[in-house]
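# Close look at the chain arrangement
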Amino acid sequence: MLNFNFVCLVLISASTNRRFDEHNAHDQPLTTLYELQKIDTQIKKLEESKKSIPYQIEQLAVEFGKCEKQLKEKQDNLEVMQKELRSKNRTLELQQEQLKKYYSQRKSMKTEKEYNALEREIINLQKKNSIIEDEILELLFSIDGVTEELTEYQTVYREEKAKYENQSNELLSTSKD
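Here the structure is a predicted model, which means the values were calculated and not measured.

Calculation notes
- Residues numbered from 1 in each chain as written.
- Predicted model: local features only at pLDDT ≥ 70, side-chain atom pairs only at ≥ 80, totals over all residues.
- Heavy atoms only, no water.
- Phe/Tyr/Trp six-rings, centres within 6.5 Å; stacked < 30°, edge-to-face > 60°.
- Helix = DSSP H or I, 4+ residues; strand = E, 2+ residues; numbered from the N terminus.
- Buried < 20%, exposed > 50% of the residue type's maximum accessible area, 1.4 Å probe, protein only.
- Lys NZ or Arg CZ within 6 Å of the ring centre and 35° of its normal.
- Core = buried A, V, L, I, M, F, W, Y, C linked by side-chain atoms within 4.5 Å.
- Contact = heavy atoms within 4.5 Å.
- Axes fitted to C-alpha atoms, helices over the stretch in contact; angles between N-to-C directions.
- Parallel < 35°, antiparallel > 145°, perpendicular 65-115°, else oblique.
- Left-handed = near helix turned anticlockwise from the far one by under 90°.
- Nonpolar A, V, L, I, M, F, W, Y, C, P; charged D, E, K, R; others polar.

## A short note on the packing of aromatic side chains
- Using the criterion set out here, one finds two aromatic pairs in the structure.
- When the ring of Phe64 is compared with that of Tyr157, the centres are 5.5 Å apart and the planes differ by 25 degrees; the resulting orientation is stacked. Placement of Phe64 in helix 3 (residues 53–106) and of Tyr157 in helix 4 (residues 112–176) is noted, with a sequence separation of 93 residues between them.
- Residue Phe64 is classed as buried on the basis of its relative accessible area of 10%.
- Between Phe64 and Tyr164 the ring centres are 4.9 Å apart and the planes differ by 5 degrees, which places this aromatic pair in the stacked class. Residue Phe64 is located in helix 3, and its partner Tyr164 is located in helix 4; the two are separated by 100 residues in the primary sequence.
- A network of ring pairs unites the aromatic residues Phe64, Tyr157 and Tyr164 as a single cluster.
- In this arrangement the basic side chain of Lys74 is found over the ring face of Tyr153, its NZ or CZ atom lying 5.3 Å from the centre.

In structure tokens, the structure reads:
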């Protein structure tokens, strides 16, 4: 890059606090050399910066990967809650059908003992249905909250994705220059 004589000349000039003056004719070669040194330093910095571009892109990808992972977790959580809601609704429907059967059987009971046993089954099933209905309501509120949170996070995700793509493209175009 630069030869030893130039480096010595620059060091000697710097140690004597000698200023480079472009208008002074006998200092013109020193000024030119000094300017070359500055350009060479800039080139070296750019080369070092260019070497770090793959690492910077990798770091961006890692950060964006975390964002994607969080989005996936939120979507999976919502999906699990929705499956649980469908399951509870099916269970409730089945138990309500069972209640209808019990009501119709109640009319055909021949003994008081059978009638009382069936009444206890009806009461137990009604209690179970009440519990399931409460759980369904809680799930609906939770699903609403998670859906709202997911919608907000999807906006953040889109912004992060655009930011990631822009920064990656900038770094890639810098590395090609």
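## Quick notes on the nonpolar core
- If you look at the biggest cluster of nonpolar residues, it comprises 15 residues, and the most contacted ones within it are Leu71, Leu78, Met81, Leu85, Ile136, Ile143 and Tyr157.
- For this core, the elements supplying multiple residues, two or more each, are helix 3 and helix 4.
- Examining the composition of this core, we find that eight residues originate from one element, helix 4, more than from any other.
- Once residues lying within four places of it in the same chain are set aside, the contact partners of Tyr157 are Phe64, Cys67, Glu68 and Leu71.

## Comments concerning the packing of helix 3 against helix 4
- Closest axis-to-axis distance for the helix 3/helix 4 pair is 6 Å, and the angle between their directions is 165 degrees. When the axis of helix 3 is compared with that of helix 4, the two are roughly antiparallel. For the element pair helix 3 and helix 4, the recorded crossing hand is left-handed.
- Residue composition of the contact of helix 3 with helix 4, by class: 30 nonpolar, 20 polar and 13 charged.

## Some remarks on the environment of Ser87
- Tracing the sequence through the fold places Ser87 in helix 3.
- Owing to a relative accessible area of 33%, Ser87 belongs among the partly exposed residues under this scheme.
- Residues Ser87 and Ile136 lie 49 residues apart in sequence; the distance between their C-alpha atoms is 9.8 Å.

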